[in-house]
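# Chain and residue survey
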Amino acid sequence: MQKEYLLGKNIEELREVALNVGLPAFAAKQMADWLYKKRVATIDEMSNLSKKGREALNQRYSVGRIDPTHKAESVDGTKKYLFPVSCGEKVEAVYIPSADRATLCISTQAGCKMHCKFCMTGTLGFHGQLTVCDMLNQIFSIPEADQLTNIVVMGMGEPMDNVDNLLRTLEVMTAEWGCAWSPRRITVSTVGLIPGLERFLHESECHLAVSLHNPFSREREDIMPVEKAYRLKEVLELIKQFDFAHQRRVSFEYIVFAGVNDTIRHAVELQKILRGLPCRINLIRFHDSDQCELKCASDERIAFLRDYLNENGITTTIRQSRGEDILAACGMLIAKEGNQ
Ligand code: SF4
């Protein structure tokens, strides 16, 4: 019989587990400490539970920790890991160290349904939702787990298309009984899937990053089919109802493509649609590849956009390109390795 995983269970569910195996209800708090604070990999390490209790737990449950199967390391220190997940596929997690932080980018789905034209994951199709355990395991099982200062949910998949499991993962990461991280250390990205985004905005305090990539609806449709179902205009109207002027932040990701979204017309429209919203724009260099007809804009065009937007009141930075030599862009390692 396949054992049930403990990783991912919240405090109420751990209470049920305790009662199921004849442990007292307060053992739930002890288990949560072992799972989320001390981060043990086996039930046998939960040494303040009775021996009998641990044996009973071992009969039906296991922690659910799984090591990555593959690591690629860039000359710039970026490391990409492949993790097996419960739907039978593999997903990527990317560790990105910098001078003042150590960030992990995690995946929420195996593949993706969104089919963004510039994204390798989009071309893989959708293969399954990640469980809460699958998401937490990426964070807990990289060798650098203890050094992490930030999490970005920007890997494979659209997080708001797996919003139940996303919100439960964020709960474990931020709850006092869980990892007790500040929600300000976590940023979740979306293409703008409104139903999931609405729940995320109400039920979490984590930062938000929106993949914008083109301010004109007709043009955005060409590279991001989601625009046909959920218009950027409606996404922005929703976001503007929430407070991003204080501790919580919203940023907009903008991959700059040559001749597609790098003109003064785009800069003016960006400034117009984001007026009144305290936010930042991250301009991103595209990793050119043979499989995609879109190409990265020149350094001059990217610098032009940055300068225009900064001069017109929107804080805009150019994101450092990391890990190009190990294909750290969304889905690229999986596509190259095959999902064996
Ligand atoms: S960019 Fe994100 S949402 Fe779009 S296809 Fe890739 S993984 Fe999916």
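Residues numbered from 1 in each chain as written. Predicted model: local features only at pLDDT ≥ 70, side-chain atom pairs only at ≥ 80, totals over all residues.

## Looking at the overall build of the protein chain
Looking only at helices and strands, one finds 13 helices and 14 strands in the protein chain. At 21 Å, the protein chain has a C-alpha radius of gyration in line with the 20 Å of a compact globule built from 340 residues. Across its three principal axes, the protein chain shows a C-alpha extent of roughly 70 × 40 × 40 Å. For the protein chain, the residues scored as buried account for 42% of the 340 residues in total. The contacts in the protein chain between residues at least 6 apart in sequence include a share of 66% that link residues at least 24 apart. (Helix = DSSP H or I, 4+ residues; strand = E, 2+ residues; numbered from the N terminus. Rg over C-alpha atoms; globule rule 2.2 N^0.38 Å. Buried ≥ 20, exposed ≤ 12 C-beta atoms within 10 Å, placed from the backbone. Contact = placed C-beta atoms within 7 Å.)

## Some remarks on the site of the ligand
Near the ligand you find twelve residues, and of these C112, M114, C116, C119 and G122 are the closest. Taken together, the residues of the shell around the ligand break down into seven nonpolar, four polar and one charged. (Near = placed C-beta within 6 Å. Nonpolar A, V, L, I, M, F, W, Y, C, P; charged D, E, K, R; others polar.)

## As for the nonpolar core
Of all hydrophobic cores here, the largest spans 89 residues; its most connected members are M31, L35, A93 and V256. If you tally residues by element for this core, the top one is helix α2 (residues 27-37), at seven residues. (Core = buried A, V, L, I, M, F, W, Y, C linked by C-beta atoms within 7 Å.)

## Side note on the domain arrangement of the protein chain
Often, the extent of an interface is quoted as the loss of accessible area on bringing the components together. On domain assignment, one finds that the protein chain holds domain 1 (4-62) and domain 2 (70-337). Summarising the inter-unit geometry, the C-alpha centres of domain 1 and domain 2 are found 34 Å apart. Between domain 1 and domain 2, the residue contacts involve nine residues of the former and twelve residues of the latter. Ranked by residues supplied to the side of domain 1 that touches domain 2, first place goes to α2 with three residues. (Domains from an automatic or database assignment.)

## Topic: helix α11 (residues 264-273)
Among all positions in α11, only H266, A267 and L270 are buried. What you see down the axis of α11 is that its buried residues fit within an arc of 100 degrees, all on one side. Opposite the buried face of α11, by more than 90 degrees, sit the exposed residues I264, R265 and K272. Tucked inside the fold, the buried residues of α11 contact α12 (299-311). (Arc of directions from axis to C-beta.)

## Digging into the sheet that holds strand β5 (residues 90-97)
Sheets are built from strands paired through backbone hydrogen bonds, the pairs being either parallel or antiparallel. Read from one edge of the open sheet, ten strands run β3-β4-β5-β6-β9-β10-β11-β12-β13-β14, paired in mixed fashion. Strand pairing shows two members of the sheet lacking a second neighbour, β3 (70-73) and β14 (315-319), which therefore form its edges. Each strand of the sheet is rotated relative to its neighbour by a mean of 20 degrees, with strand direction disregarded. With five bridges connecting them, strand β13 (residues 280-285) and β14 associate as parallel partners. Counted as the bridge partner of I281 is T316 from β14. (Pairing = 2+ DSSP bridges. Axes fitted to C-alpha atoms, helices over the stretch in contact; angles between N-to-C directions.)

## Section: the packing of α11 against α12
Where α11 meets α12, the closest approach of the two axes is 10 Å, and the angle between their N-to-C directions is 35 degrees. α11 and α12 meet at a crossing whose hand is right-handed. Together, A267, L270 and Q271 of α11 and L305, Y308 and L309 of α12 make up the contact between the two elements. Class assignment of the residues belonging to the contact of α11 with α12 gives a composition of five nonpolar, one polar and no charged. (Left-handed = near helix turned anticlockwise from the far one by under 90°.)

## Concerning unusual backbone geometry
In this model, R39 sits at a positive phi of 55 degrees, which is unusual for a non-glycine residue. Mapped onto the fold, R39 is located in the loop between α2 and α3 (51-60). Overall, the presence of 19 C-beta atoms within 10 Å leaves R39 in the partly exposed class. Although it is not a glycine, H115 sits at a positive phi angle of roughly 55 degrees.

## Details of the pairing of strand β4 (residues 79-84)
Among the six residues in β4, five count as buried, and that is most of the element. Across four bridges, β3 lies against β4 in antiparallel orientation. Counterpart to H70 in the pairing with β4 is L82. As consecutive antiparallel partners, β3 and β4 are separated by five residues, and within that stretch G77 has a phi angle of approximately 95 degrees, a positive value.

## Brief notes about the environment of F26
Counting through the fold element by element, F26 comes out in the loop between α1 (11-20) and α2. Judged by local crowding, F26 falls into the exposed class, with 10 C-beta atoms found within 10 Å. Taking the C-alpha atoms as reference points, F26 and R15, separated by eleven residues in sequence, lie 7.4 Å from one another.

## As for the environment of H207
Tracing the backbone shows H207 in strand β11 (residues 207-211). Residues H207 and F242, spaced 35 residues apart in sequence, show a C-alpha to C-alpha distance of 12 Å. Once residues within four sequence positions are removed from consideration, H207 is found in contact with R184, I186, T187, R248 and R249.

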